[in-house]
Protein chains: 2
Amino acid sequence: MTPLLNETHDPALRSWVASANRSGTDFPIQNLPFAVFRRRGSAEAWRGGVAIGEQIVDLAAVAQAGVFSGDVAQAAQAGAQDKLNALMALGQGAWSALRLALSRALREGSPQQAALQACLVPQAEAEYDLPARIGDYTDFYTSVHHATNIGKQFRPDNPLLPNYKWVPIGYHGRASSIVVSGAAFHRPKGQLKKPDAEAPVLGASQRLDIELELGVFIGTGNALGDPIAITEAEPHVFGICLLNDWSARDIQGWEYQPLGPFLSKNFATSISPWVVTLEALAPYRTAFERPADDPQPLPYLDSPANRAAGAIDIQLEVGLQTQAMREAGLRDARISATSYRHAYWTVAQMVTHHTVNGCNLQPGDLLGTGTLSGPTLDQAAALIELTLGGKQPLQLPNGESRTFLLDGDAVVLRGWCEKAGAARIGFGECWGTVLPARP
Amino acid sequence: MTPLLNETHDPALRSWVASANRSGTDFPIQNLPFAVFRRRGSAEAWRGGVAIGEQIVDLAAVAQAGVFSGDVAQAAQAGAQDKLNALMALGQGAWSALRLALSRALREGSPQQAALQACLVPQAEAEYDLPARIGDYTDFYTSVHHATNIGKQFRPDNPLLPNYKWVPIGYHGRASSIVVSGAAFHRPKGQLKKPDAEAPVLGASQRLDIELELGVFIGTGNALGDPIAITEAEPHVFGICLLNDWSARDIQGWEYQPLGPFLSKNFATSISPWVVTLEALAPYRTAFERPADDPQPLPYLDSPANRAAGAIDIQLEVGLQTQAMREAGLRDARISATSYRHAYWTVAQMVTHHTVNGCNLQPGDLLGTGTLSGPTLDQAAALIELTLGGKQPLQLPNGESRTFLLDGDAVVLRGWCEKAGAARIGFGECWGTVLPARP
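Residues numbered from 1 in each chain as written. Chains lettered and ligands numbered in written order. Predicted model: local features only at pLDDT ≥ 70, side-chain atom pairs only at ≥ 80, totals over all residues. Heavy atoms only, no water.

## Here's the deal with the overall build of chain A
When you go through chain A residue by residue, the secondary structure sums to eleven helices and 26 strands. Computed over its C-alpha atoms, the radius of gyration of chain A comes to 21 Å, within 12% of the 22 Å expected for a compact globule of 439 residues. Principal-axis analysis of the C-alpha atoms places the extent of chain A at approximately 70 × 55 × 40 Å. Out of the 439 residues belonging to chain A, those deemed buried represent 62%. Considering only contacts within chain A whose residues lie at least 6 apart along the sequence, 74% involve residues at least 24 apart. As presented, chain A carries roughly 15100 Å² of accessible surface, and 52% of it is formed by carbon and sulfur atoms. In chain A, the 35 positive side-chain charges and the 43 negative ones have mean positions that sit 3 Å from each other. (Helix = DSSP H or I, 4+ residues; strand = E, 2+ residues; numbered from the N terminus. Rg over C-alpha atoms; globule rule 2.2 N^0.38 Å. Buried < 20%, exposed > 50% of the residue type's maximum accessible area, 1.4 Å probe, protein only. Contact = heavy atoms within 4.5 Å. Areas by Shrake-Rupley, 256 points an atom, 1.4 Å probe, with all protein chains shown as cover. Lys, Arg positive; Asp, Glu negative; His and termini not counted. Charge placed at Lys NZ, Arg CZ, Asp CG, Glu CD.)

## A word on helix 4 (residues 92–106) of chain B
Residue pairs three or four apart in sequence face the same way in an α-helix, which turns once every 3.6 residues. Compared with an ideal rise of 1.5 Å per residue, which puts 15 residues at 21 Å, helix 4 of chain B spans 21 Å between its outermost C-alpha atoms and is within 8% of the ideal. All of the buried residues in helix 4 of chain B are Ala94, Trp95, Leu98, Arg99, Ala101, Leu102, Ser103, Ala105 and Leu106 of chain B. (Expected span 1.5 Å × (residues − 1).)

## Things to note about the relation of the copies chain A and chain B
By a simple turn and slide, chain A fits onto chain B: the slide is 0.0 Å along the axis, the RMSD is 0.0 Å, and the turn is 180°. Both copies of the chain, as the preceding transformation shows, are related through a two-fold rotation axis. When C-alpha distances to the rotation axis are compared across chain A, the minimum falls at Gly260 of chain A, with a value of 2.1 Å. Mapped onto chain B, 100% of the interface residues of chain A again fall at the interface, so both copies present the same surface. (Least-squares fit on C-alpha atoms with pLDDT ≥ 70 in both.)

## Topic: the UniProt feature "domain: Fumarylacetoacetase-like C-terminal" (unreviewed entry) in chain A
UniProt records the feature "domain: Fumarylacetoacetase-like C-terminal" (unreviewed entry) for residues 138–428 of chain A in the present numbering. Taken end to end, residues 138–428 of chain A is 14% helix and 28% strand, and its first and last C-alpha atoms sit 23 Å apart. (UniProt positions renumbered as here; feature names shortened; annotations may be inferred.)

## Description of the environment of Thr376 of chain A
Residue and element names in this part refer to chain A. On the secondary structure map, Thr376 appears in the loop between strand 22 (366–368) and helix 11 (383–386). For Thr376, a relative accessible area of 39% translates into the label partly exposed. Spatially, the C-alpha atoms of Thr376 and Leu386 are 9.9 Å apart, while their sequence positions differ by ten residues.

## Quick word on the packing of aromatic side chains
Residues and elements named next belong to chain A. Tallying each qualifying case throughout the model produces 20 aromatic pairs over all chains. Relative to Phe238, the ring of Trp95 has its centre 5.2 Å away and its plane inclined at 85°; by these criteria the two rings are edge-to-face. On the criterion of sequence distance, the pair formed by Trp95 in helix 4 (residues 92–106) and Phe238 in strand 14 (residues 237–244) is long-range, its members being 143 residues apart. Assessed through its relative accessible area of 1%, Phe238 is described here as buried. Seen in terms of ring centroids, Tyr344 and Trp345 are 5.7 Å apart; in terms of plane orientation they differ by 75°. Their pairing is edge-to-face. Look at Tyr344 and you get buried, because its relative accessible area is 4%. Take Trp345: its relative accessible area is 1%, and that puts it in the buried class. By the ring-pair criterion, three or more aromatic residues cluster together here, those being Tyr141, Tyr164, Tyr344 and Trp345. We note Arg290 situated over the ring of Trp345; from NZ or CZ to the ring centre the distance is 4.3 Å. (Phe/Tyr/Trp six-rings, centres within 6.5 Å; stacked < 30°, edge-to-face > 60°. Lys NZ or Arg CZ within 6 Å of the ring centre and 35° of its normal.)

## What to know about the sheet that holds strand 9 (residues 184–186) of chain B
All names here are of chain B. A sheet is described by the order of its strands in space; here five strands give the open sequence 9-26-25-20-21, paired in mixed fashion. Both edges of this open sheet fall to strand 9 and strand 21 (333–339), since each of them pairs with a single strand only. Pairwise comparison of adjacent strand axes, ignoring direction, gives a mean angle of 20° for this sheet. One ladder, built from seven bridges, connects strand 20 (residues 315–321) with strand 25 (residues 410–417); its direction is antiparallel. In the sheet register, Glu317 faces strand 25, and the bridge partner there is Arg414. (Pairing = 2+ DSSP bridges. Axes fitted to C-alpha atoms, helices over the stretch in contact; angles between N-to-C directions.)

## Overview of the environment of Glu125 of chain A
With respect to the helices and strands, the residue Glu125 of chain A is situated in the loop between strand 4 (120–122) and strand 5 (126–129). For Glu125 of chain A, a relative accessible area of 39% corresponds to the partly exposed category.

## Here we look at the side chain of Gln252 of chain A
All names here are of chain A. Here Gln252 shows up in helix 7 (residues 249–255). Owing to a relative accessible area of 7%, Gln252 belongs among the buried residues under this scheme. If sequence neighbours within four positions are ignored, Gln252 has contacts with Phe154, Ser247, Pro261, Ser264 and Lys265.

## Topic: the sheet that holds strand 3 (residues 55–58) of chain A
All names here are of chain A. The sheet built from five strands is open, its strands ordered 4-3-2-1-5 with antiparallel pairing. Edge positions in the sheet fall to strand 4 and strand 5, since each of these pairs with one other strand and no more. The sheet shows a mean angle of 50° between the axes of neighbouring strands, taken without regard to direction. With three bridges connecting them, strand 3 and strand 4 associate as antiparallel partners. Following the sheet pairing, Gln55 is matched in strand 4 by Pro122.

## What to know about the interface of chain A and chain B
Taken together, the contacts link 58 residues of chain A with 58 residues of chain B. The contact between chain A and chain B buries some 5300 Å² in all, and 61% of this surface belongs to carbon and sulfur atoms. The largest per-residue losses of area from chain A upon contact with chain B belong to Arg174, Leu259 and Phe262 of chain A, which jointly make up 15% of the total buried on that side. Taken together, chain A and chain B are joined by six salt bridges. (Buried area = accessible area lost by both parts, 1.4 Å probe. Salt bridge = Lys/Arg side-chain N within 4 Å of Asp/Glu carboxyl O.)

## Focus: the UniProt feature "domain: Fumarylacetoacetase N-terminal" (unreviewed entry) in chain A
Under the UniProt annotation, "domain: Fumarylacetoacetase N-terminal" (unreviewed entry) lies at residues 30–131 of chain A. For residues 30–131 of chain A, the end-to-end C-alpha separation is 20 Å, with 42% helix and 23% strand making up the annotated structure.

## Some thoughts on the pattern of salt bridges
Any two side chains of opposite charge can pair, on the condition that their charged atoms come close. Overall, the coordinates contain 64 salt bridges over all chains when judged by the stated rule. For Arg174 of chain B, the salt bridge goes to Asp136 of chain A, with nearest N and O atoms at 3.5 Å. Here the residue Arg174 of chain B occupies a position in the loop between strand 7 (170–173) and strand 8 (178–180), and Asp136 of chain A occupies one in the loop between strand 5 and strand 6 (137–140), the pair thus bridging two chains. The exposure classification of Arg174 of chain B matches that of Asp136 of chain A, with both residues buried. Here Arg285 of chain A ties to Glu234 of chain A by a salt bridge, and the two come within 2.5 Å at their closest N and O atoms. Taken as a pair, Arg285 of chain A in strand 18 (residues 285–286) and Glu234 of chain A in the loop between strand 13 (212–218) and strand 14 lie far apart in primary sequence, 51 residues in all. Glu234 of chain A matches Arg285 of chain A in its accessibility class, with the two residues each being buried. Connected through shared salt-bridge partners, Glu317, Arg331, Asp332, Arg334, Arg414 and Glu429 of chain A make up one network.

## As for the domain arrangement of chain A
All names here are of chain A. Considered domain by domain, chain A is made up of domain 1 (7–129) and domain 2 (137–435). Each of domain 1 and domain 2 has a C-alpha centre, and the two are 28 Å apart. Taken residue by residue, the interface counts 30 residues in domain 1 and 29 residues in domain 2. Buried surface at the junction of domain 1 and domain 2, summed over both partners, amounts to about 2200 Å²; 66% is from carbon and sulfur atoms. When the buried surface of domain 1 facing domain 2 is broken down by residue, Asp26, Met88 and Trp95 rank first, second and third, together holding 25% of it. Notably, a salt bridge pairs Arg99 with Glu279, separated by 3.8 Å at the nearest N-O pair. Summed over the shared surface of domain 1 and domain 2, the number is ten residue pairs in polar contact (both at pLDDT 80 or more). Among the elements of the structure, strand 1 (34–39), strand 2 (47–52), helix 3 (85–90), helix 4 and strand 5 are those that each provide at least two residues to the side of domain 1 that touches domain 2. With five residues, the single largest contributor to the side of domain 1 that touches domain 2 is helix 3. When the residues that make up the side of domain 1 that touches domain 2 are grouped by side-chain class, the tally is 15 nonpolar, twelve polar and three charged. (Domains from an automatic or database assignment. Polar contact = N/O pair within 3.5 Å; in protein donor to acceptor, adjacent residues only side chain to side chain. Nonpolar A, V, L, I, M, F, W, Y, C, P; charged D, E, K, R; others polar.)

Next up, the structure:
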C-alpha cells in the first residue's frame, strides 16, 4: 500500500531552481505539490501548477511548449485546466509519471532546464483558487484525543461514545463554502441559546473556533455500489492539504442534536492551495498502532500494509495573529503543535469505510481528517480544547489573551514533514481572517 | 411571497395535446414541470424538457426551431443543456416567462401548434437523467411527527429534543449518490451491532427503510456571506420533486452519534425526474400554522406571507411492490398517505435558515424536506414508524408482510395537488428497487 521510495525521494537531489535547495523550504524538488493559480490581479486563466522552491511550474505553459511527450504530456495537459479534477481522474500512474518527469527536468544539469525555465512563475506574483471542483466534502473525526476532549464538554458524563473505537465517524460537510487560503469571512450569525434562557435568540457567534485538520483529495473514484477494499484504497488518493474547519461552538451546541453539525460549520472551510501527493509523503509513513487495550479494527478496516505504514508523520501547527499584532508588525503566535501520526484512523481506513456501503467517491472529492488534536493539551487543535471550553484564556506574547476568536483575528495552519535522511516536505500555509458579522 | 395566480393557472385552459386534458393526468397545461431526458436507449444528447400530458416538449428542439424569441428563447436555450442548472440560474423572471410562453403555445388554437408539435417526444419513449448537477444536498427534518415517532425509538426518554421547535434541523447529505427514479441499488453493507453484542460486525443491513420526502431545487443562489431574508426566499426556489431518502436503520443506530447519519443514508437517494415549479403550485398554497402551545418562529423565520401561505398542500403516498407482486402482475400496494401541509417548517424557512450564517446556495442545490410523516400512524412516511420499529409487520394485500425492505422490493412515491376550482398538478412517480447486497 505504501508508495515505494524511488529516485524522486532521493534527499541528495538538487534543482537548478536555487530556492528549492535552501534549507527549510517547503517545496524542495522531492515535494512537487500541485495547486491552481494565476498571476495576482490578472485576468489570466486559472491553471494547474507545481511548486518548486519559490517558483511555480506553470502546467499550461508546459503543455503548450510541448516539454514532455506521451503519457506525461497528457498528464500535464490535464493539469493545465482551471481545476485539477481531470488530472486527478487520470490515476496514480499518470500522477507518478508526471512527478518523475518534473523531478528529472528540474534537477541540476537537466537538458530540459531552458524549456522549463520559460514555464516558471514566481509564487510571490501568484494568487490561488481551489485546486479542484469539490463535488462532495466529508469530514471525519479521526483524533480520539479531540473526540474525548470535546466529548467532555458536550457530554460530560459520556465523553467518548461506544462506537468511536469501531467506526471511523464521519459526516457530510458543505462543499460550496470551501475557500482557499487567504479568504476572509464574516463571523456567522445563528441561533444562540444560553443554558438558562427559555428561548434562543439570533445573534453573532461568540464562540468562534478553529479546527486544525488535513484535507484528503480523492483522485480516482468508484462506481456507485462498488466498495473500495482497504488494500486498494491508497491509489485512489491524490494528495493532502491543510484544512481549517471554522466552527461556531455556540451555534453547534444548540443545533447539533440529533443530526449533527450544520450551520455551525458550513459558513466557511479554508484549505491550503498546495496539495502534496501521497507519493511525496512516502518517506514519512509510519506504523499505525492501537493502544494495547483498544479493539483492533474490523477486518475490512485492517491490512498488513495499513498496520505497517498506515500513519503519516506530518508536523502541524496553528498560529494566531490578532489585529493588534498585525498592526504592530508582529508575526503570528503559535498556539498549538501536533502531528498527524496521532490519528486513530488512517487515510486508507477513511476511504474504505466511506465506500463500504457502496457510496461513490469522485475525482476532486475532499475528506477532512477531523480536528487533529494530539495526546496532550498543548497539542489540542481547537480553541475549545486549548481554553477548556473558554474557561482558561490563552495568553499571547503581546499581552493579549483569547478564549475564542475576535474580529480581525487571522489564523494560519502550517504543516511539514522533516527527519534525518529525507528531504523536508512542506504544505505551505493556510490563512483565514475573521471579519465582523454582517449588520 | 406567494407567486400570484395568473392566466397559466386558469383551470379552464385546454391543450391541443389531447392527453393533457384527460382527467387525472399529472401533467395538464397548468403544470408544465421540467426534467432532463432523451429517447430511451439512444445515444441522443440529454436535454431539458417540459411535460404536457403524455408528451415532452423537447427544449433543445424548441431552441433549435426558433419557436420563441427574446428572453423566452434564451430561457429555452438554457433549458436545452444536459442539466437544468443554467435555466435555474436565470431566475424566476425567466422561468415564469418560459412557462407563460409554453402555456400559450400549447393551448388549443395556438398559432404555434405546428411548430411545437414537431418538438414533442412521447414520455413512453423517454428515459431520464438527474435534472441538475447537484452541488450540495441538504436534508432537513421538517415533520414534527416524524421527529417524534423516530425520536421515541432512538431516545425513548427524550423523543423530541428541545431545539426542534426553534431550529429547522438539517444536515448535509451526499450529492454523488443521488439517482433518478427507476434506478436499482444494492442493499448496503455496514457495521451492525446488536444491543447485547460486545462488538459490531460488518454485514448487509437488515433494517432497510424508505423515507418519503420532497426535494426542493434551488434556482438562483446567494454569495458566500449574504443571507437570504425570508421575504426574499421563495424567488430563489426553482421547484419541487419527490425524494426517497433510503435509510439503513441498523447502520444508522450504531453510527449516528455524535455527528449524525452518514453511511446509513449515503448509499442512494432517489428523486423523481420531474421538477414542478413553485409557480405551478400557487393554487395549493395554504396557511402555515403552529399549534397554539408551540413557540412562534424567531423573527428571521417569520413573515406575514409565510404565515398566510407558507405551506403547500401536496398529497403524497408510498407504494410497495414486492417481487412476488411484480411476478404476479400486481401493482404496488399503498402503505402510507399524507400531505406536505403537515410540515413544521416551510420551504422559505429552510432557505432562510440555511443561509442565515452566510452559507452560500448555488443553482441546482437540493434541499430535502425530511420524512413527511403526518399526524396519524397511517400517515407515517417511513417503515420504522409504520411498523413501530419492526415490531408490527405491515400486511400486504397479497398475503405477504413486511417490517423492513427485502431484496426485490420496489418502492414508488407519488405526489399531486388536487381540489375543486383548480387543475390537478402532479409530480409523476419516483421508483427504486432493492438489489441483493454485493457478496
